[in-house]
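# An overview of the molecular structure
Each chain is listed here by its residues.
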Amino acid sequence: MELWVLGLSFALLLLLGVPVAFAIGLSSVATMLAADLPLALVFQKMVGGMQVFSFLAIPFFVFAGELMLYGGIADRIVRFANSLIGHVRGGLGMSNVLGCTLFGGVAGSPLADVSAMGSVMIPLMKKEGYHADYAVNVTTHAALVGALMPTSHNLIIFVLAASGIASVSVFGLILAALIPALLLTLANLAAAYGVAVRRGYPTHDAFPGWAAVGRAFVGALPGLLVVVIILAGILSGVFTATESAATAVFWALGVTVFVYRSLSWQNFLKACAKACKTTGVVLLLIGISSAFGYFMALYEVPQRTGELMQSVSQSPWVIFLMVNLLLFVLGTFLDMAATILICTPIFLPICQQYGMGPLQFGILMLINCALGLNTPPVGSTQFVGCAIGGISVGQVMRSIWPFYGALLATLALVTFVPAISLWLPALMK
């Protein structure tokens, strides 16, 4: 009965439009009352869930991303991307993909990526004759690569969600995400080029020459170096993954204040406020999800879900396909952090039983969650992109399929070809 109370109350609260964090907390309280357990247990689990030293990386990574968003790094990345591939057919679209990927690498947030790059590239693409739906789809899908980048706080959240189930290192997950991020970028470039050719978008200025590309690269390099610093610092043992996040903040401040001199006091305060808000939401979700996860473990939700899936098929391929479908559906209703925290304890043990390691599952989870960010009804990155482009979600969805195809192809490769996510961690190990 308690399990029914947990599941039905959570689903009902979501359908009523209650924010995810409160829906999780209230369903946990309802389950406590049904099980006649002390309510203090909810708060004990919440506090215990947030008291983890490695969580310090979350506010630091978020703050570094906001500083780069408000510090003008996006403009320089756009110039570099445009100089490199802006001359090919649909060049602005491909520049958008490359620029979003590069900025996603330094900001680590798909939403920040859409906000920064979209505000620059979407109006520019519309002005140059590109359709609004194409401009929005290119931007929102390219921004999703940020979820896999070393500065992404979602990597830290997955490591937390997997603790107690499997041993996962932050650095191992960062390495596992690099090749899938590259594949997703190439798939997005192919989709952007294919749609541009089919629609007959024009070519623009001629290739400016490698000297101009070099100058643009030098201008963008200080911002881009944050990824290199994080990877090199952790790999060399100079600092831990948590300390690397603090290093990213200092580097972002140094670049935007002393090198570019583009971060005003007002924008610095905006970055602080936005980072505090985002961190508060994420940590609240983490704390409440700890209580929710306690009940899922107590009432054997992973085991029951696994038994249900095994009754359908015993084939690992079919099991992994069902996991992907369920994660995708849940990701369309839940925010990325909530999906990771709720679904990892359920599906990771099932996938491990059929031979999928935690690193591979982590990348599978992150790509599914990223796909959910671009799918209604939650679809936060898509809503931001549509607002910037002045177009409805329905219009964007009608032409989204080539870009969905790029995401789904990458997801299939990660799911069924383990070496894509496991080769680099094994090499560095």
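The name an unreviewed UniProt entry gives the protein chain is TRAP transporter large permease protein, with Kinneretia aquatilis as the organism. Looking at the Sequence similarities (unreviewed entry) heading of the UniProt record, one finds this comment for the protein chain: "Belongs to the TRAP transporter large permease family." Entered under Subcellular location (unreviewed entry) in the UniProt record, the comment concerning the protein chain runs "Cell inner membrane".

## Quick word on the overall build of the protein chain
Of regular secondary structure, the protein chain possesses 21 helices and zero strands. A compact globule built from 429 residues should have a C-alpha radius of gyration of about 22 Å, and the protein chain, at 21 Å, falls within 12% of that. A principal-axis box enclosing the C-alpha atoms of the protein chain has dimensions of 70 × 45 × 45 Å. Here the protein chain, with 429 residues, has 56% of them falling under the buried criterion. Contacts spanning at least 24 positions in sequence make up 80% of the contacts within the protein chain whose residues lie at least 6 apart. Working note: accessible area of the protein chain is about 17,400 Å², and carbon and sulfur atoms make up 70% of it.

## Here's the deal with helix α7 (residues 110–127)
Relative to the 26 Å expected for 18 residues at 1.5 Å per residue, α7 spans 24 Å between its end C-alpha atoms, a close match to the ideal helical length. Among all positions in α7, only Pro110, Ala112, Asp113, Val114, Ala116, Met117, Gly118, Met121, Ile122 and Met125 are buried. Close packing links the buried residues of α7 with α4 (57–70), α5 (73–85), α6 (91–107), α8 (132–143), α17 (358–373) and α18 (380–389). Just past α7, the residue Gly129 takes up positive phi, approximately 100°.

## A look at the packing of aromatic side chains
For the structure shown, the criterion picks out 10 aromatic pairs. Plain terms: the ring middles of Tyr130 and Tyr201 are 4.7 Å apart, the flat faces sit at 50° to each other, and that makes the pair tilted. Here Tyr130, found in the loop between α7 and α8, pairs with Tyr201, found in the loop between α10 (170–199) and α11 (210–236); they are 71 residues apart in sequence, far enough to count as distant. In this structure Tyr130 comes out as buried when scored by relative accessible area, which is 3%.

## Focus on the side chain of Thr185
By secondary structure assignment, the location of Thr185 is in helix α10. The buried category is assigned to Thr185, whose relative accessible area is 8%. From its side chain, Thr185 meets the backbone oxygen of Ala181 in a polar contact 2.9 Å long. Thr185 has contacts with Val97, Thr101 and Val145, leaving out every residue within four places of it along the chain.

## Remarks on the packing of α4 against helix α9 (residues 153–162)
To describe two helices that pack against each other, one gives the angle between their axes and the distance between the axes. At their nearest, the axes of α4 and α9 sit 9 Å apart, and the two run at 165° to each other. The pairing of α4 with α9 is recorded here as roughly antiparallel in orientation. Remark: the crossing between α4 and α9 carries left-handed chirality. Along its contact with α4, which presents Ala57, Ile58, Phe61 and Val62, the element α9 presents His153, Ile156 and Ile157.

## Considering the packing of α5 against α7
Interaxial distance between α5 and α7 falls to 10 Å at its minimum, and their mutual angle equals 55°. One finds that α5 runs oblique with respect to α7. Where α5 crosses over α7, the two elements pack in a sense that is right-handed. When α5 is examined against α7, the residues Ala74, Asp75 and Val78 are found in contact with a partner set consisting of Ala116, Met117, Val120 and Met121. In terms of residue class, the contact of α5 with α7 is built from six nonpolar, no polar and one charged.

## Overview of the pattern of salt bridges
Under the defined criterion, the tally for this structure stands at one salt bridge. With its nearest N and O atoms 2.9 Å apart, the salt bridge here joins Asp133 to Arg199. Of this pair, Asp133 sits in helix α8 while Arg199 sits in helix α10, and the two are 66 residues apart along the sequence. Given a relative accessible area of 12%, Asp133 falls into the buried group.

## Side note on the environment of Glu66
Mapped onto the elements, Glu66 comes out in helix α4. For Glu66, a relative accessible area of 6% corresponds to the buried category. Beyond its immediate sequence surroundings of up to four residues, Glu66 is in contact with Ala271, Lys274 and Ala275.

## Quick look at unusual backbone geometry
Positive phi, normally seen in glycine, also occurs at Arg261, with a value near 55°. Mapping Arg261 onto the fold places it in the loop between α12 (241–259) and α13 (265–298).

## A look at the nonpolar core
Phe103, Tyr134, Val323, Ile340, Phe347, Phe361 and Ile363 are the most contacted members of the largest nonpolar core, which has 154 residues in total. Ranked by residues supplied to this core, first place goes to α10 with 15 residues. Apart from the residues lying within four places of it in its own chain, the contact partners of Phe347 are Thr305, Met309, Val323, Leu326, Leu327, Leu330 and Phe361.

## What to know about the state of the cysteines
Scanning the model with the defined rule gives zero disulfides in all. No disulfide involves Cys100; its sulfur sits 14 Å from the nearest other cysteine sulfur, which is in Cys386. By relative accessible area, Cys100 is classed as buried at 0%. A disulfide-free cysteine, Cys343 has its sulfur positioned 7.1 Å from the sulfur of Cys369, the nearest such atom.

Cut-off values and rules
- Residues numbered from 1 in each chain as written.
- Predicted model: local features only at pLDDT ≥ 70, side-chain atom pairs only at ≥ 80, totals over all residues.
- Heavy atoms only, no water.
- UniProt positions renumbered as here; feature names shortened; annotations may be inferred.
- Helix = DSSP H or I, 4+ residues; strand = E, 2+ residues; numbered from the N terminus.
- Rg over C-alpha atoms; globule rule 2.2 N^0.38 Å.
- Buried < 20%, exposed > 50% of the residue type's maximum accessible area, 1.4 Å probe, protein only.
- Contact = heavy atoms within 4.5 Å.
- Areas by Shrake-Rupley, 256 points an atom, 1.4 Å probe, with all protein chains shown as cover.
- Expected span 1.5 Å × (residues − 1).
- Phe/Tyr/Trp six-rings, centres within 6.5 Å; stacked < 30°, edge-to-face > 60°.
- Polar contact = N/O pair within 3.5 Å; in protein donor to acceptor, adjacent residues only side chain to side chain.
- Axes fitted to C-alpha atoms, helices over the stretch in contact; angles between N-to-C directions.
- Parallel < 35°, antiparallel > 145°, perpendicular 65-115°, else oblique.
- Left-handed = near helix turned anticlockwise from the far one by under 90°.
- Nonpolar A, V, L, I, M, F, W, Y, C, P; charged D, E, K, R; others polar.
- Salt bridge = Lys/Arg side-chain N within 4 Å of Asp/Glu carboxyl O.
- Core = buried A, V, L, I, M, F, W, Y, C linked by side-chain atoms within 4.5 Å.
- Disulfide = S-S within 2.5 Å.

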